[in-house]
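Chain residues, written in single-letter form:
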There are 2 protein chains.
Amino acid sequence: MATLEFFYDFVSPYSYLASTQVEALAARTGAALRWRPFLLGGVLKATDNKAPAETPAKYAHVKVDSARWAKRLGVPFAFAPSHPFSTVLAMRCALAAERHGKLVPFTHAAFRAAWVEGQDLSKPEALAAVAASVGLDGPALVASAPEFKAALTASTEEAVRRGTFGAPTFFVGEELFVGNDRLDFVEAALRTG
Amino acid sequence: MATLEFFYDFVSPYSYLASTQVEALAARTGAALRWRPFLLGGVLKATDNKAPAETPAKYAHVKVDSARWAKRLGVPFAFAPSHPFSTVLAMRCALAAERHGKLVPFTHAAFRAAWVEGQDLSKPEALAAVAASVGLDGPALVASAPEFKAALTASTEEAVRRGTFGAPTFFVGEELFVGNDRLDFVEAALRTG
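A. Region of the structure containing the overall build of chain A. Counting secondary structure elements, chain A contains 10 helices and four strands. For chain A, the α and β elements follow one another from N to C terminus as β-α-α-β-α-α-α-α-α-α-α-β-β-α. The long-range share in chain A, meaning contacts at least 24 apart out of those at least 6 apart in sequence, stands at 71%.

B. Local environment of the interface of chain A and chain B. Listed by partner, the interface residues are 17 residues for chain A and 17 residues for chain B. No other element matches the five residues that helix α4 (residues 56-73) of chain A contributes to the side of chain A that touches chain B. In terms of residue class, the side of chain A that touches chain B is made up of six nonpolar, six polar and five charged.

C. A look at the relation of the copies chain A and chain B. Under the fitted operation, chain A is carried onto chain B by 0.0 Å of movement along the axis and a turn of 180 degrees, and the coordinates agree to an RMSD of 0.0 Å. With respect to symmetry, the two chain copies, as superposed, fit the operation of a two-fold axis. Using C-alpha coordinates, one finds that chain A approaches the rotation axis most closely at Asp-181 of chain A, a distance of 3.7 Å.

D. Quick look at the pairing of strand β4 (residues 175-178) of chain A. All names here are of chain A. Bridging between strand β3 (residues 169-172) and β4 involves four bridges; their strand directions are antiparallel. Bridge assignment links Thr-169 to a residue of β4, and that residue is Val-178. The loop that links β3 with its antiparallel partner β4 comprises two residues; one of these, Gly-173, has a positive phi angle of about 60 degrees.

E. Summary view of the sheet that holds strand β1 (residues 3-8) of chain B. All names here are of chain B. Here four strands make up an open sheet; going across it, the order is β2-β1-β3-β4 and the pairing mixed. Looking at the sheet topology across the chains shown, the edges are occupied by β2 (32-37) and β4 (175-178). Taken pair by pair, the neighbouring strands of this sheet meet at an average axis angle of 20 degrees, ignoring direction. In terms of strand pairing, β1 meets strand β3 (residues 169-172) through four bridges, oriented antiparallel. Residue pairing for β3: Phe-7 is matched across the bridge by Thr-169. Lying on the sheet, helix α10 (residues 183-192) is in contact with β1, β3 and β4; it crosses β3 at an angle near 15 degrees.

F. Quick look at the sheet that holds β3 of chain A. Residue and element names in this part refer to chain A. Within the open sheet, the four strands sit side by side as β2-β1-β3-β4. Their pairing is mixed. Taken across any chain shown, the strands that pair with only one partner, and hence form the sheet edges, are β2 (32-37) and β4. In this sheet, adjacent strand axes meet at a mean angle of 20 degrees when their direction is disregarded. Packed onto the sheet, helix α10 (residues 183-192) meets β1 (3-8), β3 and β4 and runs at close to 15 degrees relative to β3.

G. Region of the structure containing the packing of helix α5 (residues 88-99) of chain A against helix α6 (residues 103-115) of chain A. All names here are of chain A. The geometry of α5 relative to α6 is characterised by a closest axis approach of 8 Å and an angle of 150 degrees between their N-to-C directions. Looking at the two axes, α5 sits roughly antiparallel to α6. Contact residues: α5 offers Ala-90, Ala-94, Ala-97 and Glu-98, while α6 offers Leu-103, Phe-106, Thr-107 and Ala-110. Of the residues that constitute the contact of α5 with α6, the class distribution is six nonpolar, one polar and one charged.

H. Structural view of the packing of helix α6 (residues 103-115) of chain B against helix α7 (residues 124-133) of chain B. Residues and elements named next belong to chain B. Orientation of α6 relative to α7, taken along the N-to-C sense of each, is 135 degrees, at an axis distance of 9 Å. In terms of orientation, α6 and α7 fall into the oblique class. Considering the relative orientation of α6 and α7, their crossing is right-handed. Along its contact with α6, which presents Phe-106, Ala-109, Ala-110 and Ala-113, the element α7 presents Ala-126, Val-130, Ala-131 and Ser-133. Split by residue class, the contact of α6 with α7 holds seven nonpolar, one polar and no charged.

I. Fine view of unusual backbone geometry. All names here are of chain A. Residue Pro-84 is reached from His-83 by a cis peptide bond, and omega for that bond is -5 degrees. The backbone of Asp-48 sits at a positive phi, close to 55 degrees, despite the residue not being glycine. One can find Asp-48 in the loop between α3 (40-47) and α4. Taking the C-beta count within 10 Å as the criterion, Asp-48 has 13 such neighbours and is therefore assigned partly exposed.

J. Up close: the environment of Arg-28 of chain B. Residue and element names in this part refer to chain B. In this structure, Arg-28 sits in helix α2 (residues 22-29). The class for Arg-28 is exposed, based on 11 C-beta atoms found within 10 Å. Sequence separation of Arg-28 and Glu-174 is 146 residues, and the distance between their C-alpha atoms is 21 Å.

Conventions adopted
Residues numbered from 1 in each chain as written. Chains lettered and ligands numbered in written order. Predicted model: local features only at pLDDT ≥ 70, side-chain atom pairs only at ≥ 80, totals over all residues. Helix = DSSP H or I, 4+ residues; strand = E, 2+ residues; numbered from the N terminus. Contact = placed C-beta atoms within 7 Å. Nonpolar A, V, L, I, M, F, W, Y, C, P; charged D, E, K, R; others polar. Least-squares fit on C-alpha atoms with pLDDT ≥ 70 in both. Pairing = 2+ DSSP bridges. Axes fitted to C-alpha atoms, helices over the stretch in contact; angles between N-to-C directions. Parallel < 35°, antiparallel > 145°, perpendicular 65-115°, else oblique. Left-handed = near helix turned anticlockwise from the far one by under 90°. Buried ≥ 20, exposed ≤ 12 C-beta atoms within 10 Å, placed from the backbone.

The structure is reproduced here in structure tokens:
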């Protein structure tokens, strides 16, 4: 069985869009899906790349473009008012949720909180609420986040070592695809690979 | 009748890919197509954006990704061995060709020279050969290029003023789309607008 690895960061609107599609894509292609939290800021720093938010004209286009994508995909979307927000704590919390077997529901809830409900995921209380909404002890989960510092760094460094420069990042084996707009290439690779 | 404006630079592989699609798209939607040479380097400088070639991991992905696109579109493609090459002279030559009523054939021939035949379009002799292949006096066209310095700057500044940050750039009215991978949004805008 082929495996689709999905590296994502809650700060990335295109990662949110991809998160609404990858499960159906994996089901259609019979692929195993691995959800891989990582830190986009770390990827950008390691690759000397820039965030779209650093280039005003690009950032303005991202806001329009991500809304076009949401409309096409038929998913709820509102550009996060607090964007760009720090996700160091949030991505560590995702790894903490994984230890409790709740990575996928936590991930969907966190993306929804940021990209549908407009919450600021840099805030511990927002993350605690996300955790509680999927049956976890919110304050305890957030308090455990520092334990996952090394794991988040390792995941980020792994993605960089394997060639990425942005988010969302997909791997089919070692074949790299970057961007929500490359999911049809991902699907083709899973069908032929 | 709606108008589709297509801003492009020969240095951009995604502009080449778009150049193979825009005429059929305009025909399908009944849109008038305007070919708009501009200078991507000027756009990047004005918007404080970076070229993909400046970020090694991104550049490596562009090489793989542009080939995937060419395969999907069924168009010939070989990543230009001299990339990134200066296109200041080449884009001025495109405007010179426009004065002779040959903008579109010159554009197709230049893209093919760079992205199929592997020629270095920074070289005056390569541009003269492209011009000659579409029935123009090659050396005379290249010699006239300096006359189009101001027009190329104006086109580039216009695209920046209207919001772009990269290439290819499309406008449907003042609605902006950036990237070969946004042509289906362009088509939807032409159908509904």
